[in-house]
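Listed below are the residues making up each chain.
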Amino acid sequence: MDSIKVRGGNRLSGTIEISGAKNAVLTLLPCALLTDEPVCFENLPRLADVDSFMHLLNQHGASTMLEGGHNGGFGRKMTIKAERIASTVAPYDFVRKMRASVLVLGPLVARAGEATVSMPGGCAIGNRPVDLHLKALEALGAEIELAAGYVKAHAPDGGLRGGTIAFPFVSVGATENALMAAVLARGETVIENAAKEPEIVDLCNCLVAMGAEIENIGRATLVVHGKERLGGTTYRVMPDRIEAGSYACAAAITGGDLMLAGARGDDMRAVLAELRDAGAEVEETGEGIRVAADGALKPVNISTAPFPGFPTDMQAQFMSMLALAKGTSLLTETIFENRYMHVPELGRMGADIEVSGRSAVVKGVDELVGAQVMATDLRASMSLILAGLAAKGETHVLRVYHLDRGYERLEDKLGAVGADIERVSEG
Ligand code: UD1
């Protein structure tokens, strides 16, 4: 299993190209199951999760063709053609490795009238149930059965019909499944308390490009007018706001100066505001977002929230940064329980962090010291890389496969702007 060694202390400077968004691509790829025409995705990031999703689509009978990306990943595109659905089963082996596999549920029931998808089960950042996904499909007339670890969903004769889906709280994934099912349901669907994340907007824009009719895109109440069929399209995946935010933290924690080329300020207002409050300089230009820092960072108090609030996917990276701020910060995680798995590892590097329930008190220290560390999820792994960039000596981050799921060519991108970083391949 690969690991990454970082020798800290280098000030990062230069330009990092931001890749296509992982969380957008994982909901865009299943859209291809909604039509028998080819759908092409441009700006496709080179990520382990994209490969896994491609194999899942193949398993459902879709053909996939990858092109480009010779320039280290940029310019990669994938054309998917699901002329017919050969299998409506998403087996445990896929869902176990990648929770987002559950996003085939909506499109399969809408197009093929049925789907059997393994229940994702627990994961490192909490329990993460799928009850809201299932309630959304039921509101469109699907019958749901749970058996032997699988969800079986059946559309009534004549297919799904429009309905009102009222979410009790915001769920990104459930909104995505609801949208992908509603676009082929008969009549009108109203989705109340829908997620407003930029990835949801990207999904809506792609569905519209395929012929769907969706009102209020980017708002809490979405109205979908179902269509009998959707067609193919070519769609460009949005830039990854979490990758951009992570590298913004890399600039801040190393007292560096990075241009995050292609990043969009509107997707990350809350993150940019907190970076400024922490003392970083943030400038939006036609090329992207420039983040620079000089000297000590200031403490900030942050609570995670659905968009446009501060994203839970940036909590771990900010924690590493604030571990070196001059003063005490308070972080509160409101989206996922158990999302502080990085805290003990940061502690081993000298950070002073105390967790109590959903809150973490981060007392800034003068320095972090490199150590051998390991994380159990993607963003937690990134927080350890960030800590390593600023720490004294060498940090050895084990189990890099989490990072490979969500950060395209991490060590190349950081190495090119001055980080002393290398991948150690074993076997
Ligand atoms: C997505 C993102 C993830 C991000 C999260 C919140 C992808 C592939 N993943 O995950 O990176 O951290 O949004 O922005 O896009 N919940 C239920 N029942 C459900 C569904 C969700 O109780 O049926 C709960 C979850 O346990 C969690 C909260 O709702 O506490 C929000 O989760 P949700 O927005 O659904 O996250 P994901 O879509 O899984």
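Here the structure is shown first, and the text comes after it.
K.L.:
For this particular structure, what's the right way to read the sheet that holds strand β20 (residues 352-356)?
P.N.:
For sheets, the rule is that strands pair by backbone hydrogen bonds, running either parallel or antiparallel. Read from one edge to the other, the open sheet built from four strands follows the order β18-β19-β21-β20, with strand pairing classed as mixed. Each end of this open sheet is capped by a strand with a single partner; those strands are β18 (301-303) and β20. Along the sheet, successive strands turn relative to each other by an average axial angle of 15°, direction set aside. With respect to the sheet, helix α10 (residues 315-322) is in contact with β18, β19 (328-332), β20 and β21 (359-363), its orientation differing from that of β19 by roughly 170°.

K.L.:
Sorry if this is basic, but what is going on with the sheet that holds strand β9 (residues 150-154) here?
P.N.:
Taken in spatial order, the four strands make up an open sheet running β6-β7-β9-β8, and their pairing is mixed. The sheet is open, and its two edges are formed by β6 (89-90) and β8 (143-147), each paired on a single side. Relative to β9, β8 runs antiparallel, the two sharing five bridges. Residue pairing for β9: I144 is matched across the bridge by A153.

K.L.:
Help me out: how do you make sense of the site of the ligand in this one?
P.N.:
Near the ligand, the surroundings consist of 18 residues, among which D131, L132, S171, D313 and I335 are the closest. In this structure, D131 approaches the ligand through a side-chain N or O atom, which is 2.6 Å from a nitrogen atom. Between the ligand and L132 there is a distance of 2.7 Å, counted from an oxygen atom to a backbone nitrogen or oxygen. Burial of the ligand by the protein chains amounts to 86% of its free accessible area of 750 Å². When residues of the shell around the ligand are traced back to their parent elements, those giving at least two are α5 (131-139) and α6 (172-182). At three residues, α5 tops the list of elements feeding residues into the shell around the ligand. Classifying every residue of the shell around the ligand by side-chain character gives eight nonpolar, five polar and five charged. Residue contributions to the shell around the ligand reach at least three from each of two domains, namely domain 1 (2-18 + 239-425) and domain 2 (22-236).

Parameters and conventions
Residues numbered from 1 in each chain as written. Predicted model: local features only at pLDDT ≥ 70, side-chain atom pairs only at ≥ 80, totals over all residues. Heavy atoms only, no water. Pairing = 2+ DSSP bridges. Helix = DSSP H or I, 4+ residues; strand = E, 2+ residues; numbered from the N terminus. Axes fitted to C-alpha atoms, helices over the stretch in contact; angles between N-to-C directions. Contact = heavy atoms within 4.5 Å. Near = heavy atom within 4 Å. Polar contact = N/O pair within 3.5 Å; in protein donor to acceptor, adjacent residues only side chain to side chain. Areas by Shrake-Rupley, 256 points an atom, 1.4 Å probe, with all protein chains shown as cover. Nonpolar A, V, L, I, M, F, W, Y, C, P; charged D, E, K, R; others polar. Domains from an automatic or database assignment.

Don't take any of this as a statement about function, it's just geometry.
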